[in-house]
Structure formats: structure tokens, C-alpha cells
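One letter stands for each residue in the lines below.
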Amino acid sequence: MSNKPAKGDRAQWASSLGFILAAAGSAVGLGNIWKFPGKAYEGGGGVYILTYILIVILIGATAMIAELTVGRATQKNAVGAFRVLAPRWKWVGGLGVFTGFVILGYYTQVGGWVLQYITAYLVRPEEVYGDPQRFFLNQVLGADRFPLAGAFLFPLLFIACVVLVIVHGVEGGIERFNKLAMPALFLLLLVLLGRSVTLPGADAGLRYLLSFDFSALNGSVLLSALGQAFYSLSLGMGIMCTYGSYVKRTENLGKNTAMICSLDTLVALIAAFIVIPAVFATGVEPGKGASFAFVSLAGVFERMPLGSFFGVIFYTLLFFAALTSAISLLEGTVAYLTEEKGLPRTRATVLTAAGMFCIGVLYTLSQVHFNIRGVWLDGASGLSFPAFGDFLEYLTDRLMTPLGALAYCVFVGWVWGPKQAVAEIEQEGVRFPLAKPWAVLVKYVVPAAIVVILFAGMVMGLTLS
Ligand code: TRP
């Protein structure tokens, strides 16, 4: 018998490992590898890490359970789920699909840049080392020429990989790919970790990450950790709702959530233990975001033995991290278009990919415009006005993601009700011993925390990174 679902049947993950790896693949992304280490550095090392872990356990995992249960209970995409449970909440699904669409545009461009860097470190690392900043500005963003490679060819290659996986379906495409990509990602992480911590002078970085100076903890660090947790766990966009809708009723959603959150946090921690010791050892300024990953890190690779080899490994790691997240983002929109609008899967995939590719190109082009004015590389403090790309990032990461996560928690806590959610989790002999504390968290603690992030995001705007 074929194990393909019969027509009309919904796709499902074949195994719980497959689901956990796919969801972890969505969560593990650029946020873990280029944002988290810089934030851990700014936030004072060990204190930040400890705070972050507590936030993930109390707040992130709570919100993830909420999103996953909505998906599994309804067996629907992000919009369809609300259509079934409470049509007045459909906008939450729509907001998620839209946010995912925009983030995917950005991810595709950065994924393309990563491919361009893999190529550069393979064939002509001297060119990057010679003037890393100029390489990034001119060769990638196209400050002095039309950015054919950085904005079109490499991103096209990246999105083609995403499309190829998605057209093969949930089990045959997403699950199968993540089962290969996630172990590969861990292997690359371990290779880099081994290299970084054995560099002469790396111990200063290790000591920094293991130092607990509690005076470093303040409101803005706390907020940045809270925002990072939502972003890193891919919450608020209905992606976990969509992935949850493919989970079998026999699966334990509580345990699976614990696994997904642990894997995501583990990758972020390893990334910090790679990046911080390496920057301490080579005397490069720690930082985060695109200018750090594509410009500053060149100094690290240049100064380490076999640097260009480790450069290739590092950008390959970023490639896998970005790819598995982009896959989940595309699936979110494709699930919506196929189920709600009746589009065939392949057509929905290609149309969505083409649409977001166009938005994404604007992202790179706007960076160029911004760079020509010479303000972009000054870091966050130098930002005087946002480029289109920064504006989109602000909108998605600072406003729409927390708003989406808030909506899911308020919906589950107050409209659908924790009782219904717990009943959905506790089926087929599955027990959820943390049902009571979870209900309190989802009703009160998490919404309150998100409201604070939202306000801070609006008030502090772009300076809050
Ligand atoms: N979690 C991803 C990261 O750490 C970013 C992200 C946020 C995301 N929301 C998402 C990825 C939704 C896929 C789907 O980089």
C-alpha cells in the first residue's frame, strides 16, 4: 500500500522525530547564528544567557504550545484554523501569512548573499579579506554597479532550493529534507566550535560567556531577550500552527515543544560559544546582523589557520539555517493558498516564491541606496532614518511577530480556552502534567510580557535591536 495520503486527506509528518526536526529547522535560523551571539555579548554574557533560557522556558514554550494546539485541533492552515474556531479571529491568520511572506523576501536575499559568500571563500577568499566592507557593498549589495549576483542570481538559486523542497510535499519534501539538513547543521556547528575554542586567546571569550555580572541586567536587555525568544522560536506567524496541523493525534505536543525549544536554544548557545571566543581570540569587534556576519567576520577567518575553509563551513551553516526556516515560511503561505483558495500545490508554491522574490529584491536594492549615503555601517546608533528593508524588518520583528504571538495566546487563553487546548493535547493516552501552570502563563503572564515588548518596540523603535 502506498503511504501517500489519499486525495482529500491531509498531509502528516511520518514520525515524531521528523516533526521535531522540521519545527526546529524553522526555529533555527539567522536569528540563532548571527543575532544571538551579539546579543549575548551586549547583554553581559552569562547573565543574558541565563535570562534568555528562563524566558524560553516560561514564555516561549507556553506560546509555542498555544500555536501548535490550534493547528492540530483544527487540522488547518493559519487562516483556516481561525475560520473553523472563531471566524472573527481570522485576521490573526492573515497577519501571520502576510508577515511570513515579507520575512521570506528578506530571508531569500540573505540566503542568496550566503551562497555568494560560500562561492567567494571557495574561489577567491583574498578578495573578501582585502577589503571586506567594500566586497560586501560592491559585490553583494551593488553600491557601485547593478547587483546582478547579490540581488538576483544567488537569491534565485536560494529560492529555487526552497521551491524544490516544498513541491515535494510535507512528508516527502519538508520532513525528508530536514532529517538530512538538521544533523548536517549540528555537525558543522561542532566543527566550528572545535576550531573556535582551541584558538589561542579563546579562553577570554569563554570566560566572558560564563561570567555572571548581574548588574548588566536591565530593562532593555530583558526586552531584547524577550523579543529574541519569540523571533528565534518562529512564533506569532502561524508557522507553528501550520506545522502543528500536520502532527498526529498520538503525538505528545508538550514533550515535542520541549524538544523544539531545547534544540533551538542549544544552537543559539553553540553559536555564541563559536562566535564570541573567536572574536576575542582574533581581536575583531563582536557584533550582530548582516554587517557583522558578512563584514566583521572576514577578519576572524583571515586571522585563523585554514580560515577560508572554516569560512566555507560557517556560510554553509548559515545556508542550512536559512534554508530550513525559509521552507517553513513558504509552507505557511502555500498551505493557506492550497486549502483556502484551492490552488494546486505547485502553482501556489511558484506564485508565492515569485511574489516574495520581488519584495526581497527591493530589500537588497534599498540597502544599496542606504549605503551610498554612508550611514548603514555605523551600526544601530548611526541610523538616522530607516531604509525600506529596515522598515520591513522593524515591522515584522518588532511589531507583527509579537502582535501575532499575543493574539494566539489571548485567543487560546480567553476565547478558545485552556481547557479545550489541554483536551486537545491530552488524547490517546497523552498526559500534560503542566496543564495548570501553563493555563496561568498563557492567560496572564505571556500576554503581559508581550504587551511590554510591543510598547517598547514602538517607543524605542530601531534603537532597540
Ligand atoms: N526563527 C527564525 C530565526 O531564528 C526567524 C523566524 C521568525 C522565522 N519567524 C519565523 C522563520 C517564521 C521561519 C518562520 O532566524
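Residues numbered from 1 in each chain as written. Predicted model: local features only at pLDDT ≥ 70, side-chain atom pairs only at ≥ 80, totals over all residues. Heavy atoms only, no water.

## Regarding the overall build of the protein
Rules: Put simply, DSSP marks the helices as runs of H or I at least four residues long and the strands as runs of E at least two long, and each gets a number from the N terminus on. The reference for a compact globule is 2.2 Å times residues^0.38; the radius of gyration itself is calculated from the C-alpha atoms. Only heavy atoms enter the contact rule, under which two residues are in contact if any of them lie within 4.5 Å. Computed by Shrake-Rupley with a 1.4 Å probe, the accessible areas treat only the displayed protein chains as cover when residues are assessed.
Check the secondary structure of the protein and you find 19 helices and 0 strands. Radius of gyration (C-alpha) of the protein: 21 Å, near the 23 Å computed for a compact globule of 465 residues. Over its C-alpha atoms, taken along the principal directions, the protein stretches across nearly 60 × 50 × 45 Å. A sequence separation of at least 24 residues applies to 82% of the contacts in the protein between residues at least 6 apart. Taken as a whole, the protein presents about 17,700 Å² of accessible surface, with 67% of it coming from carbon and sulfur.

## Topic: the site of the ligand
Counted only if it meets this: Consider each residue's heavy atoms; a residue with any of them within 4 Å of a molecule or strand counts as near. In protein, a polar contact requires one atom able to donate a hydrogen and another able to accept it; more generally it is a pair of N or O atoms within 3.5 Å, and residues adjacent in sequence count only if both atoms are side-chain atoms.
In the vicinity of the ligand lie 15 residues, with Ala27, Gly31, Tyr107, Tyr231 and Ser234 positioned nearest. In this structure, leucine 30 approaches the ligand through a main-chain N or O atom, which is 3.1 Å from an oxygen atom. Between the ligand and the protein, one listed contact pairs a nitrogen atom with a backbone N or O atom of tyrosine 231 at 2.8 Å. Its free accessible area being 360 Å², the ligand has 100% of it covered by the protein chains.

## Some remarks on the packing of helix α5 (residues 90-123) against helix α14 (residues 290-303)
In a packed pair of helices, the relevant descriptors are the angle between the two axes and the axis-to-axis distance. Basically, it comes down to this: Each axis is a line fitted through C-alpha atoms, and for a helix only the stretch in contact is used; angles between axes span 0 to 180 degrees, taken between their N-to-C directions. For classification, angles of less than 35 degrees are called roughly parallel, those exceeding 145 degrees roughly antiparallel, those between 65 and 115 degrees roughly perpendicular, and all remaining angles oblique. By convention the crossing between two helices is left-handed if the near helix lies anticlockwise of the far one by an angle smaller than a right angle, and right-handed if it lies clockwise.
Where α5 meets α14, the axes come as close as 11 Å, and the angle between the chain directions of the two elements is 15°. If you check the angle between α5 and α14, you find them roughly parallel. Considering only the axes of α5 and α14, their crossing is right-handed. Residues Val110, Trp113, Val114, Tyr117 and Tyr121 of α5 form the contact with α14, whose own contacting residues are Ala290, Phe294, Ala298 and Phe301.

## Some words on the environment of leucine 362
Note the threshold: Exposed residues in this analysis have more than 50% of their type's maximum accessible area, buried residues have under 20%, and partly exposed residues fall in between, with area computed by a 1.4 Å probe over protein chains only.
With respect to the helices, strands and loops of the structure, leucine 362 is situated in helix α16 (residues 345-372). Look at leucine 362 and you get partly exposed, because its relative accessible area is 43%. Considering only alpha carbons, one finds leucine 362 and lysine 248, 114 residues apart in sequence, at a separation of 40 Å.

## Quick look at the pattern of salt bridges
Which entries qualify depends on this criterion: Any Lys or Arg side-chain nitrogen located within 4 Å of an Asp or Glu carboxyl oxygen qualifies as a salt bridge.
Under the defined criterion, the tally for this structure stands at 10 salt bridges. A salt bridge links arginine 10 to glutamate 339; the shortest N-O distance between them is 2.7 Å. On the criterion of sequence distance, the pair formed by arginine 10 in the segment before α1 (16-27) and glutamate 339 in helix α15 (residues 307-340) is long-range, its members being 329 residues apart. We classify arginine 10 as partly exposed; its relative accessible area is 21%. Residue glutamate 426 is joined to arginine 431 by a salt bridge in which the shortest nitrogen-to-oxygen separation is 3.5 Å. One network of salt bridges, with partners in common, ties together Arg72, Arg249 and Glu424.

## Quick notes on a nonpolar patch on the surface
Cut-off, in case you're wondering: Only residues whose relative accessible area exceeds 30% and that take part in no salt bridge are eligible for patches, with like-charged residues grouped when within 9 Å of each other and nonpolar side chains (Val, Leu, Ile, Met, Phe, Trp, Tyr) grouped when within 5 Å.
On the surface, Leu50, Phe212, Phe214, Leu217 and Leu222 cluster together into a nonpolar patch covering about 460 Å² of accessible area. Within the secondary structure, leucine 217 sits in the loop between α10 (202-209) and α11 (219-232).

## Regarding the side chain of glutamate 67
Put simply, the test is: Under the counting rule used here, the positive set is Lys and Arg, the negative set is Asp and Glu, and His together with the chain ends is not counted.
Tracing the backbone shows glutamate 67 in helix α3 (residues 46-74). Here glutamate 67 occupies a buried position and makes no salt bridge, while the nearest side chain of opposite charge, arginine 10, is found at 13 Å. A distance of 3.0 Å separates the side chain of glutamate 67 from the backbone nitrogen of glycine 238, its partner in a polar contact. Sequence-distant contacts of glutamate 67, that is, excluding residues within four places in its chain, are made with Leu235, Gly236, Met237, Gly238, Ile239, Met240, Cys241 and Tyr408.

## Section: unusual backbone geometry
Even without glycine at this site, leucine 306 takes up a positive phi of about 60°. Its place among the elements puts leucine 306 in the loop between α14 and α15. Unusually for a residue other than glycine, glutamate 428 sits at a positive phi of about 50°.

## Thoughts on the side chain of asparagine 77
Among the secondary structure elements, asparagine 77 is positioned in the loop between α3 and α4 (78-85). Accessibility expressed as a relative area gives 0% for asparagine 77, which makes it buried. At 2.9 Å, the side chain of asparagine 77 forms a polar contact with the backbone nitrogen of glycine 80. One polar contact links asparagine 77 to glutamate 339, side chain to side chain, over a distance of 2.8 Å. With residues near it in sequence (within four places) discarded, asparagine 77 still touches Arg10, Cys241, Thr242, Ala335, Tyr336, Glu339 and Glu340.

## Topic: the packing of aromatic side chains
Rule in force here: Here is the rule: rings of Phe, Tyr and Trp (six-membered ring for Trp) pair when centre to centre is within 6.5 Å. Planes less than 30 degrees apart are stacked, more than 60 are edge-to-face, and the remainder are tilted.
Enumeration over the complete set of coordinates arrives at 38 aromatic pairs. Here tyrosine 117 and phenylalanine 294 contribute two aromatic rings whose centre-to-centre distance is 4.9 Å and whose plane-to-plane angle is 45°, an arrangement assigned as tilted. A residue pair is termed long-range when its members are at least 10 positions apart, and tyrosine 117 in helix α5 and phenylalanine 294 in helix α14 qualify at 177 residues. Each of the two residues, tyrosine 117 as well as phenylalanine 294, counts as buried. Through a chain of ring-to-ring contacts, the aromatic side chains of Trp34, Trp113, Tyr117, Tyr121, Tyr129, Phe135, Phe136, Phe294, Phe301, Phe314 and Tyr315 assemble into a single cluster.

## Section: the confidence of the model for the protein
Segments scoring low in pLDDT should not have their predicted coordinates read at a detailed level. For clarity, the threshold we go by: Across the chain, each position has a pLDDT score giving the predictor's confidence in that residue, from 0 to 100.
Mean pLDDT over the protein works out to 89, with 92% of the residues at or above the 70 mark. Predicted confidence is poor over residues 1-7, with pLDDT under 50, and the contacts of this stretch with residues over four places away or in other chains come to 3 contacts.

## Observations regarding the environment of alanine 202
Assignment of secondary structure puts alanine 202 in helix α10. Residue alanine 202 is classed as buried on the basis of its relative accessible area, which comes to 0%. Separated by 76 residues in sequence, alanine 202 and alanine 278 have C-alpha atoms that sit 6.0 Å apart. Sequence-distant contacts of alanine 202, that is, excluding residues within four places in its chain, are made with Ser196, Val197, Pro277 and Ala281.

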